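Survey of secondary and tertiary structure
If you want the building blocks of each chain, they are given just below.
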Amino acid sequence: MATTELVVNGERRRVDADPRRMLLSVLREDLDLTGAKYGCGEGQCGACTVLVDGQAARSCLLKLGALAGKSVTTVEGLEAGGRLHPLQQAFLDAGAMQCGYCTAGMIVAGASLLRKNPDPDEGEIRHALEGNICRCGTYTRIVAAVRAAAAGTRTTSG
Amino acid sequence: MAEDAEVRIEAERYELFASPAYRFEVPRRDFFKVLGAGLVVALAVPSARAQESGGARRPPGDAMPNELSAWLHIGEDGRISVYTGKAEVGQNARTSLSQVVAEELRAPIASITMVMADTALTPYDMGTFGSRTTPIMAPQLRKVAAAAREMLVDLAATAWGVDRAALVPLDAAVVHPPSRRRAGYGELTKGQKLVKTIGEDVATTPAPRWDTAGHSVPKVNGPDIVTGRHKYTSDLARPGLLYGRVLRPPSFGAVLVSADLGPAQARTGVTAVRDGDFVAVAGPDSQAAADALDAVRAEWKPVPQPAGAELFDYLKKNPTDPQGADPRSRFVSGSVDEARAAAATRLESTYTVAYIAHVPLEPRAALAEWKDGALTVWTGTQRPFGVRTELAEAFRIPEEKVRVIVPDTGSGYGGKHTGETAIEAARLAKAAGRPVKLAWTREEEFTWAYFRPAGVIEIKSGAGADGRLTAWECHNYNSGPSGIRTPYDVPHQKIEFHATRSPLRQGSYRGLAATANHFARESHMDELAQALGLDPLELRLKNLSDPRLRAVLQAAAERFGWGKVKASPERGFGLACGVEKGGYVATCAEVAVARPSGVVKVTRAVTAFECGAIVNPDHLKNQVEGSVVMALGGALFESVQFDAGAVNNPRLSLYRVPRFSDVPVLETVLLDRKDLAPAGAGETPIIGLAPAVAGALFAATGVRRRSLPLAPKGIEA
């Protein structure tokens, strides 16, 4: 069994696992980080979205072996100092969920967007999240939540 | 249908799973052993209700007239625990039920814990479907909570020796304003072991006086969801857990000829099992299980299956009841043939709907664990007690040995009524001697779950020169009887549902057949309007006396600005309305057709909805919007493609579901009828969109499309 070293949610981790295994399964089965979800296994639904070196990535398609030395952030790693990430708070405030299964992927994809574009308009949000499916159909609220988080982030950092 | 204006909530054929009704007895000492001292109020309902769920199978001579349906415990620490067999699948029942309890108990929502859908802890419940949680479970919990509140007032009156009329329950305490005495609920129940069983004749707070209920309260476990802390079934783990995979046949009905499990068994940590046609493996992680499954060598013998292209023909030619429609699914008044013969305008059209898949974002999953001959299964199902029965039957053990627990689940939409995943996980766990989690792949979910039934609907109608409907004949083959009746005033009617064999496994779906039946009926109304030279809204209002349906139709049309803009080849408008499961809905849709590409997009949808008194306006709006978005898929592009026993599009890259770019401007008009009991809202708002879009497409293109999905590849320019 090979060992892969990577940083997960800010902590250096040595993972003893078959490097052919997908990051999603390693996170969920070996590291007890179940926030990222399986939805399709082909990168079509976005439920498994994590940040790899700050960029949104589909963890169901990433082999563990390709992640040596990289930094992975899951939804569990977004809280800072016991405070919710502005997107997490915005999703709560907007009621942007029903069953909640897509929520982690949406929030992480949204976080990636806001890193690149701190003030996205509705069209940019829809475009950035097009690969994430909410089967409950809360899309309109999710767009509103990302907008609100962007506005809140600008206010607090500015 | 003036003589039958009352909306009956008819059990849908595909929801009539015969399950035995259980008398759930929790002896007094058990309550307190499990819950600790305090106060318990339980609601008993007449067991006659249970007969609809197969009560005939109950042992004869059963003397107990009542079944417990819900109960509530208040502990010495003031913690309020509410027990219901309902499951949370994204409809926000955990929140809405907490709200009604908080309301009656005069206690903050945060003091309430909902214990849901656990066969060892909660009362028997048929299942979470049919939009029954709000109209049935919520009033029951309201009564339990109201009775508990009155008991707490009694306790305080006795303890303080004061007149109970001078006491006020407020903020989880009873207060005596004259003496300024105050005791929290926990304090009042200290040392008590009080049990009260109540009937349904308890007075509750009327809607106009609702304080907590009737308002928008955030999802109670929302923080767990946004942080990823909430554990869905597929997230759970147990010590020594193995991951399962099941070998699937290459086509429906194929028979297993041979299977060589040796190469799989030889792999480290892998268990492989064959039991009849069932072959499965379990391994230390999901990749190991997938590799082991690949190592199994199996030979299957296919059996002939209908061709996908012949679906609708097949449905017409394969009735399961050739003698005629089930009388429960037939309605006749007057003489439709004579009325049609005399009608000034006659029309006849056939509509079809495809099979569609639920595509819950969390595919079916189960974690099974055996201990000393007893089985515990965590699984995302809408019918925990039904699944318990399935498990007991599959393993030939008494139901007392089976516990089914439903974690809040990654949606269902009617797709998670059955227990196959639970049975498969339990079979594997039995073979492995360790807990096994089985999470279906998306492809398994698309292939081995069940679908919304496909169907053929034939409508013949007649109307007078004045635009009044005189005759309505409707035959629905296979898609189901829900919503098959017309709400319009038609003196001569013949309406029949015909059960047929189905090439694919089929079952419940959000809104059931009401979507198909409304698509056919409302499309036909549009066709009649065109034939009569009337506006679609005008024709409907001319033939509609039901005031609640008129109210939503007029509200939607007004908000939409119906009739204010003329349709063009690039833009069309449509509307539809209907009644289902006690909810009244009207939808107006605007459709844009890009030229010359023929790409179709719904650009605006206005939904007016009325379901009696509103419990939580924000969650209701969320349900309405979600229903409309889900409806978009079935209306425009979703369909299960199959041939010769195989699904040809069993992946999200091949089966399109609505995404961000598909979502129109959504406007929701909620009509709050505080004078009427609340009806459920998770399903009915789905039914109006497809016919409204069909009408809008016709307005833009002049071509009438009578099949769902309407434009899977856009329209030919």
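On to the overall build of chain B, then. In terms of helices and strands, chain B carries 18 helices and 29 strands. With the C-alpha coordinates of chain B rotated into their principal frame, the extents come out at 75 × 75 × 50 Å. Relative to its 717 residues, chain B shows a buried fraction of 55%. In chain B, the proportion of contacts linking residues at least 24 apart, taken out of those at least 6 apart, comes to 79%.

Let us look at the sheet that holds strand β29 (residues 707-708) of chain B. Residues and elements named next belong to chain B. One open sheet holds the six strands; their spatial order is β14-β22-β21-β20-β15-β29, and the pairing between them is mixed. Each end of this open sheet is capped by a strand with a single partner; those strands are β14 (330-333) and β29. Bridge count for strand β15 (residues 345-353) against strand β20 (residues 455-463) is nine bridges, and the pairing is antiparallel. Each residue of the ladder has a partner; that of T345, found in β20, is A463. The sheet contacts of helix α14 (residues 514-532) involve β15, β20, β21 (469-477) and β29, and relative to β15 the element is tilted by about 150°.

The subject of this paragraph is the interface of chain A and chain B. Note: interface size is frequently given as the accessible area lost on complex formation between the parts. Each partner contributes to the interface: chain A provides 44 residues, whereas chain B provides 45 residues. For the side of chain A that touches chain B, the elements supplying multiple residues, two or more each, are α1 (23-30), α2 (86-94), α3 (103-116) and α5 (139-157) of chain A. Its residues assigned to classes, the side of chain A that touches chain B shows 18 nonpolar, 15 polar and 11 charged.

Here we come to the environment of B:G199. Along the chain, B:G199 falls in the loop between β8 (193-198) and α6 (222-226). Sequence separation between B:G199 and B:R705 is 506 residues, and the spatial gap between their C-alpha atoms is 52 Å.

Residue and element names in this part refer to chain A. Across its 14 residues, α3 extends 20 Å between first and last C-alpha, which sits within 8% of the 20 Å expected from 1.5 Å per residue. Counting buried positions along α3 yields 12 of 14 residues, so the element is predominantly enclosed. Of the residues making up α3, those classed as buried are T103, A104, G105, M106, I107, V108, A109, G110, A111, S112, L113 and L114.

A word on unusual backbone geometry. Of note, the bond from B:R595 into B:P596 is cis; its omega dihedral lies within 30 degrees of zero at 5°. Along the chain, B:L708 connects to B:P709 via a cis peptide bond; the corresponding omega equals 0°. Its location among the elements puts B:P709 in the segment after β29. Here the phi dihedral of A:D53 falls at roughly 50°; this positive angle occurs in a residue that is not glycine. By secondary structure assignment, the location of A:D53 is in the loop between β3 (49-52) and β4 (55-58). Non-glycine residue B:N478 carries a positive phi angle of around 80°. Following the sequence through the fold, B:N478 ends up in the loop between β21 and β22 (492-498). A tally of 28 C-beta atoms within 10 Å means that B:N478 is categorised as buried.

Let's shift gears to the packing of helix α11 (residues 384-395) of chain B against helix α12 (residues 420-432) of chain B. Residues and elements named next belong to chain B. One can describe the packing of α11 onto α12 by two numbers: an axis separation of 9 Å at closest approach and a directional angle of 40°. As summarised for this structure, α11 and α12 are arranged oblique, according to the angle between their axes. For α11 against α12, the interelement crossing comes out right-handed. Together, V387, E390, L391, A394 and F395 of α11 and A422, I423 and A426 of α12 make up the contact between the two elements.

Residue and element names in this part refer to chain B. Considering every residue of chain B, the mean pLDDT works out to 90; 92% of them sit at 70 or more. Taken together, the stretch residues 48-65 has pLDDT below 50 and engages in 20 contacts with residues farther than four places along the chain or on a different chain. In the predicted complex, the global pTM is 0.92; the interface-specific ipTM is 0.97.

The next point concerns the sheet that holds strand β1 (residues 3-8) of chain A. The strands that make up a sheet pair up through hydrogen bonds in the backbone, lying either parallel or antiparallel. Residue and element names in this part refer to chain A. Pairing in this open sheet of five strands is mixed, and the strands run β2-β1-β5-β3-β4 from one edge to the other. The sheet is open, and its two edges are formed by β2 (11-16) and β4, each paired on a single side. Adjacent strand axes in the sheet meet at a mean angle of 40° when their direction is disregarded. Bridge count between β3 and strand β5 (residues 71-73): two bridges; the pairing is antiparallel. If you follow V52 over to β5, its bridge partner there is V72. Here α3 sits on the sheet and contacts β3 and β4; the angle it forms with β3, its principal contact strand, is near 35°.

For any two helices packed against each other, one specifies the inter-axial angle together with the distance between the axes. Residue and element names in this part refer to chain A. In contact at an axis separation of 9 Å, α2 and α3 are set at 130° when each is read in the N-to-C sense. In terms of their interaxial angle, α2 and α3 are classed as oblique. In this structure, α2 meets α3 at a crossing whose hand is right-handed. Between α2 and α3, the contacting residues are L87, Q88 and F91 on the first element and T103, I107, G110 and A111 on the second. Looking at the contact of α2 with α3, its residues break down into four nonpolar, three polar and no charged.

About the cut-offs
- Residues numbered from 1 in each chain as written.
- Chains lettered and ligands numbered in written order.
- Predicted model: local features only at pLDDT ≥ 70, side-chain atom pairs only at ≥ 80, totals over all residues.
- Helix = DSSP H or I, 4+ residues; strand = E, 2+ residues; numbered from the N terminus.
- Buried ≥ 20, exposed ≤ 12 C-beta atoms within 10 Å, placed from the backbone.
- Contact = placed C-beta atoms within 7 Å.
- Pairing = 2+ DSSP bridges.
- Axes fitted to C-alpha atoms, helices over the stretch in contact; angles between N-to-C directions.
- Nonpolar A, V, L, I, M, F, W, Y, C, P; charged D, E, K, R; others polar.
- Expected span 1.5 Å × (residues − 1).
- Parallel < 35°, antiparallel > 145°, perpendicular 65-115°, else oblique.
- Left-handed = near helix turned anticlockwise from the far one by under 90°.
- pLDDT = per-residue confidence, 0-100.

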